[in-house]
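Observations on chain architecture
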Amino acid sequence: MIDLKSIVSYLDAEYPASLAEEWDNVGLLVGDLSARIKTMMTCLTVTPEVCEESVAKKVDLIISHHPFPFQAMKQITSQTVEGSMLLRLISHGIAVYSPHTAHDSAKDGVNQQLAAILDLTDVVPLNANGSGCIGYCKQNGILLSDLLQIVVSRLGTCSYVGDLNKSVNRIAIGCGAVDEFVDEAVKQEADLLLLGEARFHTCLHAQSLRLALILTGHFASEHFAVKTLAKKITAQFPKIPCFSSDSEQDVIKRYN
Ligand SMILES: [Zn+2]
């Protein structure tokens, strides 16, 4: 057993709040620092299913990529879904830590892991605040169709904008919903932006700027990193079980 404070210190050092976006809500969001931690679980989002899984598996700490709670709350009651989940977690002594955009931008964070999947070199942050990343393809002039195959084999299905025969040298990356990255990617001469999701009009805008897009889906762009995170925490605290949630699924289903 170890106290929550020690685990929070480790996570704060790995995913410092200084890397997070200004609007974000990161760090320890629920919990008593003196609590003893015996079991940990990572997840993408605290949903009612994840909440029940954590209770059933006697988890003491949930490390959730997306913050919970995210918005400020004036009441914590059973009259809302969020309130009910919070009451349930607190009554079972379950703490919540969320690294979110600090996890996106960390040196081994979500965007860097996506860059590794695409075999990029010379990877640097896309924006001055450290968010997103951009790098060069090891295989110069790789076709968009070949990149799509790599992404599908690693992350599942995806959609795209652009010509399948387009040759790609430079790729920008942003997990989750990062419509705002399109203009910066073009400015930095990216041929392609890989992202979780974008609005229809953002896709039209990218096409008009000749920027190809690979849209993996928000869930797929981040969920794999929750598994990596569980392995990393296990390596740091080998005596305390840490696993990723297995009740969590993409809320968006494909109908063929
Ligand atoms: Zn996200």
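Structure: see above.
Here we summarise the structure given alongside this text. (Residues numbered from 1 in each chain as written. Predicted model: local features only at pLDDT ≥ 70, side-chain atom pairs only at ≥ 80, totals over all residues.)

Here we come to helix 2 (residues 48–56). Residues of helix 2 that are buried: V50, C51 and S54. Looking straight down helix 2, one finds its buried side chains confined to an arc of 105°; they lie on one side. Elements that come into contact with the buried residues of helix 2 comprise strand 4 (40–43), strand 5 (61–64) and helix 3 (81–91). Once helix 2 ends, the next one or two residues include K58, with phi positive near 55°. (Buried ≥ 20, exposed ≤ 12 C-beta atoms within 10 Å, placed from the backbone. Helix = DSSP H or I, 4+ residues; strand = E, 2+ residues; numbered from the N terminus. Arc of directions from axis to C-beta. Contact = placed C-beta atoms within 7 Å.)

Within the span of helix 5 (residues 110–117), buried status applies to V110, N111, L114 and A115. For helix 5, the angular spread of the buried residues around the axis is 140°, confining them to a single face. Packed against the buried residues of helix 5 are helix 4 (100–105), strand 7 (120–125), strand 8 (133–137), strand 12 (170–177), strand 13 (192–197) and helix 9 (218–236). Directly after helix 5, the chain includes D119, whose backbone phi takes a positive value near 60°.

In a beta sheet, neighbouring strands pair by backbone hydrogen bonds and run either parallel or antiparallel. With mixed pairing, six strands are arranged side by side in an open sheet as 7-8-12-13-14-10. Here the strands that pair on one side only, and so sit at the sheet edges, are strand 7 and strand 10 (159–161). Direction aside, neighbouring strands of the sheet carry axes that sit 20° apart on average. Pairing geometry for strand 7 and strand 8, over four bridges, is antiparallel. In the strand pairing of strand 8, P125 is matched with C133. The strands touched by helix 6 (residues 144–155) within the sheet are strand 10, strand 13 and strand 14 (212–215), with strand 14 carrying the most contacts at an inclination of about 15°. Against the sheet, helix 9 contacts strand 12 and strand 13, and its axis sits at roughly 90° relative to strand 12. (Pairing = 2+ DSSP bridges. Axes fitted to C-alpha atoms, helices over the stretch in contact; angles between N-to-C directions.)

By themselves these figures say nothing about function.
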